[in-house]
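In case you want the letters, here they are:
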Amino acid sequence: MDIADFYGHVRPDACPGALQVHTAADGALARIRIPGGALSATQLREVAACSAELGSGVIELTSRANVQLRGLPSTPAPSATEAGAFPARIAAVGLLPSETHERVRNILASPLAGRVDSSLMDVRPLVTALDRGLCASSELAGLSGRFLFALDDGTGDVLSIGADVTFLATSPSDGLLHLGGATAGIPVLVDEVVPSMLAAASAFLELSGGTAWRVSDLPDGPALLASRLLHGGPAASKDEGVSSGRPSREIAGPWVPDARVVPQRDGRVALEVVVPLGRLSADQAVALADVAGEVRITPWRTAVLPDLRPEDVGRVADELTRMGLVTGSGTAWAGLSACTGRPGCAKSLADVQGDARRWAAGTGELSTPAVPDGVLVHWAGCERRCGRPKGEVVDVVATPTGYRVGHGRKTEKTETRGDM
């Protein structure tokens with residue numbers, strides 16, 4: 001299926017963006033890239049307003065900490081002004097800094113970088129610098145919409161996602177560059193991080209000839225890219241080669257989504273809120289914006305509200321609970337995700353959103369195997385399993401005769417629309 005953008009062009013790449021949209025059964029779907037997952041209250045309010053006024057009122061959180069709006073007009077608009085209403089509105093609040101690069105601004109970051117004791121480095125400035133460097137390179141506009149950068153503050157939370165280019169802090173001044181999810185990394189100083197990540201992306205484009213989406217698509221991609229980077233990129237300046245493995249310091253590992261209060265170094269706290277099935281209503285998004293100056297979307301479809309005063313947490317949690325968000329720990333909603341399903345997707349064989357909600361509430365007929373701690377559950381309406389998280393997942397997949405339950409991994413090569 002071709003993808004039509006807001007300006008009437010047709011392109012073969014199926015990964016949607018804010019300009020190039022996916023035509024779904026319920027209208028156009030637009031994806032807004034949010035480097036580092038950080039949304040200001042003003043930006044989140046505008047996303048909510050666009051969803052309510054231009055779309056279906058549904059905001060989806062994706063597995064790459066981006067947001068999607070559903071139900072936008074998918075037919076040609078009668079005027080250029082109307083066609084550009086959505087892009088113009090998000091651009092006005094800083095969510096569309098580059099029309100040519102908007103689909104390649106895929107940058108994950110540790111949600112609590114610089115705020116908690118386990119964080120070795122505040123990677124937020126690196127997110128900003130990487131995004132600016134990416135948008136300033138005409139060459140890197142040629143990356144696929146699935147090529148992924150990640151900046152890990154040393155906790156190991158986003159390292160486990162296996163981005164194409166990941167920086168893992170090992171001290172406040174340096175770290176390792178991991179390529180294509182490889183365990184071994186290239187030592188880099190903090191000042192070399194952004195130039196090295198950009199050089200890795202440039203080398204990938206050269207090696208792939210524009211035919212591959214991810215480093216894993218190339219035969220021996222991580223090793224090939226590391227060799228190219230060491231012999232021609234900024235990371236070669238230390239002349240230390242590739243580290244044999246991860247740092248000796250023990251890292252916490254993958255983020256386990258849950259509703260919780262996390263103490264910060266400065267005496268304030270962060271509140272992690274579980275968003276049921278990663279779908280926010282416009283009113284829920286406004287409620288989040290009303291109680292926090294910044295909201296950080298995580299790849300696990302939760303929302304982190306940092307920098308709250310401890311004495312305000314109870315009131316904030318009560319307000320968000322009344323809006324249908326989950327603020328109590330140990331919930332069945334934590335780590336539970338689902339694709340759009342019927343009626344939003346014509347390929348879906350079931351109403352997976354409704355079925356997953358009934359399962360989480362304990363009223364569904366389907367039972368799943370015991371789920372170990374840290375393992376996610378994903379419901380899908382067909383074998384494409386759009387939006388499936390990375391790693392160990394219990395899959396609940398709709399078939400013509402009912403749901404099939406399985407447990408394991410799936411490579412992204414079988415995905416069709418990226419992060420959903």
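The preceding data block contains the structure.
Quick caveat, the model's predicted, so the values are computed rather than measured.

**Student:** Can you tell me about the overall build of the chain, naming the residues and giving the values?
**Tutor:** Looking only at helices and strands, one finds nine helices and 21 strands in the chain. Here the chain holds 420 residues, and 57% of them are scored as buried. In the chain, once contacts between residues fewer than 6 apart in sequence are set aside, the share between residues at least 24 apart is 64%. As presented, the chain carries roughly 16,700 Å² of accessible surface, and 52% of it is formed by carbon and sulfur atoms.

**Student:** Describe the sheet that holds strand β15 (residues 279-281), with residues and values.
**Tutor:** The strand order β3-β4-β7-β6-β15 describes an open sheet built from five strands, whose pairing is antiparallel. Bordering the open sheet on either side are β3 (22-24) and β15, each of which pairs with just one other strand. Between one strand and the next, the sheet's axes are offset by a mean angle of 30 degrees, whatever the strand orientation. Of the pairings in the sheet, the one linking strand β4 (residues 27-32) to strand β7 (residues 67-72) comprises four bridges and is antiparallel in character. Its bridge partner being in β7, Ala 30 is matched across the sheet by Leu 69. Across the sheet, helix α1 (residues 41-54) lies against β4, β6 (58-61) and β7, angled at about 15 degrees from β7, the strand it touches most.

**Student:** Would you mind going over the nonpolar core in detail, with residue names and values included?
**Tutor:** Of all hydrophobic cores here, the largest spans 60 residues; its most connected members are Phe 86, Leu 288, Leu 305 and Leu 320. Top element by residues in this core is helix α7 (residues 282-291). It accounts for six residues.

**Student:** An account of the environment of Asp 157 is needed here, citing residue identities and associated values.
**Tutor:** If you trace the backbone, Asp 157 turns up in the loop between β9 (149-152) and β10 (165-169). A relative accessible area of 5% places Asp 157 in the buried class.

**Student:** How would you explain the side chain of Arg 115 if you had to name every residue and give the values?
**Tutor:** Within the element layout of this structure, Arg 115 appears in the loop between β8 (107-109) and α4 (124-136). A distance of 3.0 Å separates a polar atom in the side chain of Arg 115 from a polar atom in the side chain of Asp 307. Setting aside anything within four residues of it in sequence, one finds Arg 115 in contact with Arg 124, Gln 264, Arg 265, Glu 294, Arg 296, Pro 306 and Asp 307.

**Student:** Run through the environment of Pro 257, naming residues and quoting values.
**Tutor:** By the secondary structure assignment, Pro 257 is in the loop between α6 (221-230) and β13 (260-263). In the structure, Pro 257 is positioned 17 residues away from Val 274 in sequence and 7.7 Å away in space, judged by C-alpha atoms. Excluding residues that lie within four positions of it along the chain, Pro 257 makes contacts with Glu 272, Trp 300, Thr 302, Ala 334, Gly 335 and Leu 376.

Conventions and cut-offs
- Within any chain, residue numbers begin from 1 and follow the written order of that chain's sequence.
- Residue-level local features of this predicted model are given only where pLDDT is at least 70; pairs of side-chain atoms are given and counted only at 80 or more, and the full residue set underlies all totals for whole chains, interfaces and linings.
- Heavy atoms from the whole structure form the basis of all side-chain values; hydrogens and water molecules are not counted.
- Segments assigned H or I by DSSP are reported as helices when at least four residues long, segments assigned E as strands when at least two residues long, and all are numbered from the N terminus.
- Remark: exposure states derive from per-residue accessible area (1.4 Å probe, protein chains only) relative to the maximum for the residue type, with buried under 20%, exposed over 50%, and partly exposed in between.
- Residue contacts are counted whenever heavy atoms from the two residues lie within 4.5 Å of one another.
- To be clear on the numbers: accessible area is Shrake-Rupley with a 1.4 Å probe, and residue cover counts the displayed protein chains and nothing else.
- Here, any two strands with at least 2 DSSP bridges between them count as paired.
- Convention adopted: a line fitted to C-alpha atoms gives each axis, helices being fitted over their contacting stretch, and angles between N-to-C directions are expressed from 0 to 180 degrees.
- For the purposes of this section, nonpolar cores are sets of buried Ala, Val, Leu, Ile, Met, Phe, Trp, Tyr and Cys residues that join through side-chain atoms within 4.5 Å.
- A 3.5 Å cut-off defines polar contacts: any pair of N or O atoms within that distance qualifies, except that in protein one atom must be a possible hydrogen donor and the other a possible acceptor, and neighbouring residues in sequence count only when both atoms are side-chain atoms.

Geometry only, nothing functional implied.
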